[in-house]
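Residues per chain, in single letters:
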Number of protein chains: 2
Amino acid sequence: MTTIYDIAKETGYSAPTVSKALNGSPEVSERTRERIVDAAKRMGYTPNAMAKALSTKKSYLIGIIYDDLYMLRGMEHPLFAGIIDAFKSRIEVAGYELIFLSRQLGPRKLNYLDHARMRHIDGVYIVNTSLGDTGMDELVAGDLPCVSANDPFPGVPRVVSENYQGARTAVAALCDMGHRRIAHLSGPITEKSPAGLERRSGYLDELSARGIKAEPELTVECAYWHAEAGRQAMNALLDSGASPSAVFAACDTIAYGAMAAARDRGLSVPGDISFVGFDDYEVSAYLTPSLTTIRQDRVRLGTEAAELMLRILSGEDIRPESVPRVATQLIARDSAASL
Amino acid sequence: MTTIYDIAKETGYSAPTVSKALNGSPEVSERTRERIVDAAKRMGYTPNAMAKALSTKKSYLIGIIYDDLYMLRGMEHPLFAGIIDAFKSRIEVAGYELIFLSRQLGPRKLNYLDHARMRHIDGVYIVNTSLGDTGMDELVAGDLPCVSANDPFPGVPRVVSENYQGARTAVAALCDMGHRRIAHLSGPITEKSPAGLERRSGYLDELSARGIKAEPELTVECAYWHAEAGRQAMNALLDSGASPSAVFAACDTIAYGAMAAARDRGLSVPGDISFVGFDDYEVSAYLTPSLTTIRQDRVRLGTEAAELMLRILSGEDIRPESVPRVATQLIARDSAASL
DNA sequence: CTGAAAGCGCTTACAG
DNA sequence: CTGAAAGCGCTTACAG
């Protein structure tokens, strides 16, 4: 590995001058810069990020937290995987790299904050935490820039979809098709992770805006954002004797399980019962019938989060309330039809 | 941030002794060790990984290459996302962390090797490369430990599924149900990424082992490992007038698209035509009908890759040919039925 | 068992 | 415009 000292020796300049030349400092002459850059190229020089970080106290590392007990499938989650992808694309243009934060390194357990400190992380993208993640309070309370892709944390700006409005759109679409008995398979309802709550509110408010009385037995809460939970909730709904003509599922995977449950009971979709999901995963277009759903814009979610992170990193002070929600979009397919 | 110098001052020992004590060196007295460890805990000491890496020349960073032009959906790919998850879980127990390698950092383009050098990466997990990735040759030719999760590279051990045997199992299952006219929607056929080839070979060999003559028009190559490609291939197959009673799709997503195409033509599955996939993604169980498929064991694929990486990192010399394939498993569901 | 010295590869004042 | 000095936080011989 060639170092700036090798280049210094080769060109006859000193190490500091080489450093300045390579970093494009204005206080080095054009001629010197050229010579040094040439030599660096010729000698196959690669800067050592560790050494750089050690002296500048800036690592260009963004930690990513993705611990997902709740969704039961780690990074396979297509929503978050897509968001991370987009985040990475944007953030690396600004020179930052993504490193996974973890709570176990070698023999010892640690918390995210310790890990972040250890690596001198510049910022943290909190994509998903499981309920048992201790140390999140400390992490967000510190002065480390954080952006959340999902759950709220005090003082942390987050970039999330218009859950409430999206849910209203979904229900409105069903109402416009003539449905009145619309059930809702909600996500887990908890303040800490309000997407479920927000979508349920949208469901309830849209019904009431249309003068439809919401019947409590038409809403069933799923324990997880997961197909199996959707199947169980759908079975519970049908067992209860409620006979909705349409179902708004809080996410696509819940819809998958629910549609499978309906099919297993011999109900035809959308002949006997219509379904609308929320997310728009790739496969949703290929189900039988294809799933009508509310699309979350993963590219925008990830890109905006990166943009926000960069603004914070450059010293801007962001008020969490000032961050706009990302719009959703109704994708009409075959699983929902007019009564 | 407290450093070992702070601890040295506090305890009255020297920095080297603090360093040794904290690293559990045997050449420090038990009593000293205790005092130092206590002080470190009390003072909230977190070691600085950069400084450590700089002096030891070991970063405990594993680079991960995931560039996916071929699959058209980055990390959303459930197979590779699951594998990475499992890899991470195993590798972090040994103290290693995962960092994404990229080809663009800040204003300048770089190749993976430069990036790896810059960060003093200890090893690289090559999950997926797109065809245009230049510099892979250099990367694998260097002395950086590499493990591949998919494509072959000279000298690089890889941990992949029993593609050939899995395909034979899939076709065997269809034959056992009485099917003789079995079509194959293959993945892209290329030496550089032989999964498609291997599965097609399995298909052809199983047919011939059963005395069934493979008809060329029954095999259609998909341009991508992707649902839309599956739909197009299925349409091409049906347009050609071939009328298979069963289809073996090279992966689940291809099967999704193919089944959708069949449905759009009014064919019932499995009444008119049976389908078997390859992968077993979570949703495959919730399709209508649920998809019979060959499961790739993502947890084992990732864990074994990590295990292999650790062995290489500890100096073991691995012959790529010596790495066993990971077994697949037939998951019988509803999309394939007896003739 | 403990510590003084030097080094890992870079950058940041500061002096000239 | 250029360079000598010192420092970032750690570890590794080496001496005692």
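What you are looking at is a predicted structure, and each value in this text was computed from that prediction instead of being measured.

Rules behind the numbers
Residues numbered from 1 in each chain as written. Chains lettered and ligands numbered in written order. Predicted model: local features only at pLDDT ≥ 70, side-chain atom pairs only at ≥ 80, totals over all residues. Near = placed C-beta within 6 Å. Helix = DSSP H or I, 4+ residues; strand = E, 2+ residues; numbered from the N terminus. Nonpolar A, V, L, I, M, F, W, Y, C, P; charged D, E, K, R; others polar. Contact = placed C-beta atoms within 7 Å. Expected span 1.5 Å × (residues − 1). Buried ≥ 20, exposed ≤ 12 C-beta atoms within 10 Å, placed from the backbone. Domains from an automatic or database assignment. Core = buried A, V, L, I, M, F, W, Y, C linked by C-beta atoms within 7 Å.

**Focus: the protein's contact with DNA strand C**
Inference 1: The environment of DNA strand C is made up of 24 residues, and the closest members are Thr 3, Ser 19 and Ala 51 of chain A together with Ser 14 and Thr 32 of chain B.
Inference 2: Every element with two or more residues in the surface near DNA strand C is listed here: helix H2 (15-22) and helix H4 (49-56) of chain A together with helix H2 (15-22) and helix H4 (49-56) of chain B.
Inference 3: The element contributing the most residues to the surface near DNA strand C is H4 of chain A, with five residues.
Inference 4: Its residues assigned to classes, the surface near DNA strand C shows eleven nonpolar, eleven polar and two charged.

**Observations regarding the interface of chain B and chain A**
Put simply, an interface is often sized by how much accessible area is lost when its parts join up.
Inference 1: Taken together, the contacts link 48 residues of chain B with 48 residues of chain A.
Inference 2: Looking at the side of chain B that touches chain A, the elements with two or more residues in it are H4, helix H5 (78-93), strand S2 (97-100), strand S3 (104-105), helix H6 (112-118) and helix H11 (252-264) of chain B.
Inference 3: No other element matches the eight residues that H5 of chain B contributes to the side of chain B that touches chain A.
Inference 4: When its residues are assigned to classes, the side of chain B that touches chain A shows 25 nonpolar, twelve polar and eleven charged.

**Focus: helix H10 (residues 227-239) of chain A**
Residue and element names in this part refer to chain A.
Inference 1: The end-to-end C-alpha separation of H10 is 18 Å, in line with the 18 Å expected for 13 residues at 1.5 Å each.
Inference 2: Among the residues making up H10, those that are buried are Ala 227, Ala 229, Gly 230, Arg 231, Ala 233, Met 234, Leu 237 and Leu 238.
Inference 3: Of the surrounding secondary structure, the elements contacted by the buried residues of H10 are strand S7 (182-186), strand S8 (219-221), strand S9 (246-249) and helix H11 (252-264).
Inference 4: Following H10 by one or two positions, Gly 241 adopts a phi angle in the positive range, close to 90°.

**Looking at the domain arrangement of chain A**
Residues and elements named next belong to chain A.
Inference 1: Here chain A is partitioned into domain 1 (4-47), domain 2 (61-159 + 300-322) and domain 3 (163-297).
Inference 2: Measuring from the centre of the C-alpha atoms in domain 2 to the corresponding centre in domain 3 gives 30 Å.
Inference 3: With ten residues of domain 2 in contact, the opposing surface of domain 3 contributes eleven residues.
Inference 4: Of all elements in the fold, only helix H5 (78-93) and helix H12 (298-313) reach the threshold of two or more residues within the side of domain 2 that touches domain 3.
Inference 5: A class-by-class count of the residues in the side of domain 2 that touches domain 3 yields seven nonpolar, one polar and two charged.

**What about unusual backbone geometry?**
Residues and elements named next belong to chain B.
Inference 1: For the bond running from Val 269 to Pro 270, omega is 5°, close enough to zero to count as cis.
Inference 2: Cis rather than trans, the peptide bond between Thr 288 and Pro 289 has omega equal to -5°.
Inference 3: Here Pro 289 is to be found in the loop between strand S10 (274-279) and strand S11 (292-295).
Inference 4: The backbone of Asp 279 shows a phi angle near 145°, a positive value even though the residue is not glycine.
Inference 5: Here Asp 279 is to be found in strand S10.
Inference 6: Positioned with a positive phi, Asp 280 is a non-glycine residue whose angle comes to about 65°.
Inference 7: Checked against the element boundaries, Asp 280 lands in the loop between S10 and S11.

**Focus: the nonpolar core**
Inference 1: Counting 94 residues, the largest nonpolar core has Ala 258 of chain A together with Ala 258 of chain B as its most contacted members.
Inference 2: Sequence-distant contacts of Ala 258 of chain A, defined by excluding residues within four places in its chain, comprise Leu 185, Gly 230, Arg 231, Ala 233, Met 234, Val 247, Ala 249 and Phe 275 of chain A.
Inference 3: Core analysis: the second largest hydrophobic core is formed by 82 residues, Ile 65, Ile 84 and Met 309 of chain A together with Phe 87 of chain B among them.

**A short note on the environment of Leu 144 of chain A**
All names here are of chain A.
Inference 1: Looking at where Leu 144 falls in the secondary structure, it is placed in the loop between helix H7 (136-141) and strand S6 (146-148).
Inference 2: We classify Leu 144 as partly exposed; it has 17 C-beta atoms within 10 Å.
Inference 3: Sequence separation between Leu 144 and Gly 12 is 132 residues, and the spatial gap between their C-alpha atoms is 41 Å.
Inference 4: Setting aside its immediate chain neighbours within four residues, Leu 144 contacts Ala 116, Ile 121, Gly 123, Val 124 and Leu 139.

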